[in-house]
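Residue strings, one per chain:
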Amino acid sequence: MEEKNKTLGGVLYLVATPIGNLADLSERALKVLSEVDFVAAEDTRNSGLLLSRCGIQKPLVSYFEHNKRERGEHIVGRLLAGESCALVTDAGTPAISDPGEDLVRLCAERGVPVSSIPGPCAAITALTLSALPTRRFTFEGFLPTENKPRRELLDELSHETRTMIFYEAPHRLRATLELFSETFGADRPITLCRELTKLNEEATRTTLGGAVALYSGKEPRGEYVLVIGGGKAKAGADDYPEDPAAHVEALMAGGLDRMEAIKAAAKARGLSKGKFYAMLEAAKTDGNGR
Ligand code: SAM
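Everything numeric here is computed off the predicted structure, so don't read it as measured data.

**Student:** Describe the overall build of the chain, with residues and values.
**Tutor:** Looking only at helices and strands, one finds 11 helices and 10 strands in the chain. In summary, the chain has a C-alpha radius of gyration of 26 Å against a globular reference of 19 Å for 290 residues, an excess of more than 25%. Along the three orthogonal principal directions, the C-alpha set of the chain runs to about 85 × 50 × 40 Å. Counting only residues that meet the buried cut, the chain has 39% of its 290 residues in that class. Entry remark: accessible area of the chain is about 16100 Å², with carbon and sulfur atoms responsible for 50%. Charge separation in the chain, taken as the distance between the mean sites of 37 positive and 41 negative side-chain charges, equals 1 Å.

This is the structure in structure tokens:
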């Protein structure tokens, strides 16, 4: 296996850093951090501490949500001039729910090569602990804070069948759990992952109703990832009863009148109303319902 080992000028390195446990910093991350010309950090104080704990001294520039536009231009300018830069965010993998995403896009637009040094990511760590299906999942990050986009997203996710991963701040946890319970139902499984890789790491496997009850009695503390089981698939074209009369009856039992049920059954089968009606009549004469 050939390894990518050289730290090159003109390259942006996305360096994953620990989400709580310093021992999770990889050998390759250390090598890149000690070889680049400068480090761009979401919080220069935090990252400065991390670097000094590792015995690394590097010029640091800040790159965060509120200066990302002009600072992004500055960083890309230096990369185009041949310097190398390591981007580190507060914790975890840069570009996952942090402004690193914008810097990668800017580099792509300007033809600057980007290399990712993989490592800790809270979302994946939580997913692996969740005991929920991991084969198909969707990463949602933080819910939008404004009402309208949040409502629209939740409406969309109410049909989601894959496992869903959310980030949440402790001061919003209770309200978010209540919202999830209303949207997905109190029986839906959730794993609350707290303080991952830290001394007080927890993975609480419960239901949304159970989680709401749990936190009505205690104050959320620390960092959380919420992993929620997917819902049942919407009734698809293959889920209706084969017998056309039984199909109509099932829809009528669900509250439709006969004409509405015939229309809905025809639509589900991709047939015109007339064609489906003819099928119903034929089934009556056959007497076998098919
Ligand atoms: N880029 C990071 C990553 O790779 O996971 C995520 C950055 S995002 C700004 C921060 C959020 O990640 C926190 O609010 C929390 O939801 C989650 N998080 C980060 N570290 C965590 C930890 N040790 N335990 C639980 N959640 C964590």
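**Student:** So what's going on with the packing of aromatic side chains? Which residues, and what values?
**Tutor:** Counted according to the given criterion, the structure contains 5 aromatic pairs. When the centroid spacing of 5.9 Å and the interplanar angle of 80 degrees are considered together, the rings of Tyr215 and Tyr224 count as edge-to-face. On the accessibility criterion, Tyr215 (3% relative accessible area) is buried. Members of the aromatic cluster, joined through ring pairs, are Phe139, Phe142 and Tyr167. For Arg78, the ring lying beneath its charged end belongs to Phe38, and the centroid distance is 3.8 Å.

**Student:** Now, about the site of the ligand: what can you tell me, with residues and values included?
**Tutor:** Around the ligand, 18 residues are found, and the nearest of them are Ile19, Thr93, Ile96, Tyr167 and Tyr224. With respect to the ligand, the backbone of Ala91 contributes an N or O atom lying 3.4 Å from a nitrogen atom. Between a nitrogen atom of the ligand and a side-chain N or O atom of Glu223, the distance comes to 3.4 Å. Summarising the interface, the protein chains cover 90% of the accessible area of the ligand, which totals 570 Å² for the free molecule. Elements represented by at least two residues in the shell around the ligand include exactly strand E7 (163-168) and strand E10 (224-228). Residue composition of the shell around the ligand, grouped by class: 10 nonpolar, 3 polar and 5 charged.

**Student:** Could you give me a rundown of the sheet that holds E7, with the residues and numbers involved?
**Tutor:** Pairing is mixed across the open sheet formed by 5 strands, whose spatial order is E6-E7-E10-E8-E9. Each having just a single partner strand, strand E6 (137-141) and strand E9 (202-207) make up the two edges of the open sheet. Averaged over all neighbouring strand pairs, the angle between strand axes comes to 20 degrees, with direction disregarded. Where E7 lies against E10, 5 bridges are found, and the strand directions are antiparallel. Opposite Glu168, over in E10, you have Tyr224 as the bridge partner.

**Student:** Which residues make up the sheet that holds strand E2 (residues 38-41), and what are the values?
**Tutor:** The sheet built from 5 strands is open, its strands ordered E3-E2-E4-E1-E5 with parallel pairing. Edge positions in the sheet fall to strand E3 (60-62) and strand E5 (114-117), since each has one partner strand and no second. Strand-to-strand, the axes of this sheet are offset by a mean angle of 25 degrees, without reference to chain direction. Docked against the sheet, helix H2 (residues 44-53) engages E2, E3 and strand E4 (85-88), running at close to 155 degrees with respect to E3. Across the sheet, helix H3 (residues 68-80) touches strand E1 (12-15), E2, E3 and E4, and the angle it forms with E3 is around 145 degrees.

**Student:** A description of the state of the cysteines should follow, citing residues and the corresponding values.
**Tutor:** The tally for this structure, following the rule as stated, stands at 0 disulfides. No disulfide involves Cys107; its sulfur sits 8.2 Å from the nearest other cysteine sulfur, which is in Cys85. Among the residues examined, Cys107 registers a relative accessible area of 0% and is labelled buried. Looking at the unpaired Cys121, the closest cysteine sulfur is the one in Cys193, lying at 12 Å. Owing to a relative accessible area of 12%, Cys121 belongs among the buried residues under this scheme.

**Student:** An account of the packing of helix H9 (residues 244-253) against helix H10 (residues 258-268) is needed here, citing residue identities and associated values.
**Tutor:** Two elements in contact, H9 and H10, have axes separated by 9 Å at closest approach and are oriented at 120 degrees. Our classification of the angle between H9 and H10 gives oblique. Where H9 crosses over H10, the handedness of that crossing is right-handed. On the side of H9, the interface is formed by His247, Val248, Leu251 and Met252, while H10 contributes Arg258, Ala261, Ile262, Ala264, Ala265 and Ala268. Taken together, the residues of the contact of H9 with H10 break down into 8 nonpolar, 1 polar and 1 charged.

**Student:** Tell me about the pairing of E6, and name the residues and values.
**Tutor:** Here 4 bridges tie E6 to E7, and the two strands are oriented parallel to one another. Note on E7: the bridge partner recorded for Gly141 is Phe166. In terms of handedness, the path from E6 via helix H6 (residues 147-157) over to E7 forms a crossover that is right-handed.

What counts and how
- Residues numbered from 1 in each chain as written.
- Predicted model: local features only at pLDDT ≥ 70, side-chain atom pairs only at ≥ 80, totals over all residues.
- Heavy atoms only, no water.
- Helix = DSSP H or I, 4+ residues; strand = E, 2+ residues; numbered from the N terminus.
- Rg over C-alpha atoms; globule rule 2.2 N^0.38 Å.
- Buried < 20%, exposed > 50% of the residue type's maximum accessible area, 1.4 Å probe, protein only.
- Areas by Shrake-Rupley, 256 points an atom, 1.4 Å probe, with all protein chains shown as cover.
- Lys, Arg positive; Asp, Glu negative; His and termini not counted.
- Charge placed at Lys NZ, Arg CZ, Asp CG, Glu CD.
- Phe/Tyr/Trp six-rings, centres within 6.5 Å; stacked < 30°, edge-to-face > 60°.
- Lys NZ or Arg CZ within 6 Å of the ring centre and 35° of its normal.
- Near = heavy atom within 4 Å.
- Polar contact = N/O pair within 3.5 Å; in protein donor to acceptor, adjacent residues only side chain to side chain.
- Nonpolar A, V, L, I, M, F, W, Y, C, P; charged D, E, K, R; others polar.
- Pairing = 2+ DSSP bridges.
- Axes fitted to C-alpha atoms, helices over the stretch in contact; angles between N-to-C directions.
- Contact = heavy atoms within 4.5 Å.
- Disulfide = S-S within 2.5 Å.
- Parallel < 35°, antiparallel > 145°, perpendicular 65-115°, else oblique.
- Left-handed = near helix turned anticlockwise from the far one by under 90°.
- Right-handed = clockwise from strand over helix to strand, strands pointing away.

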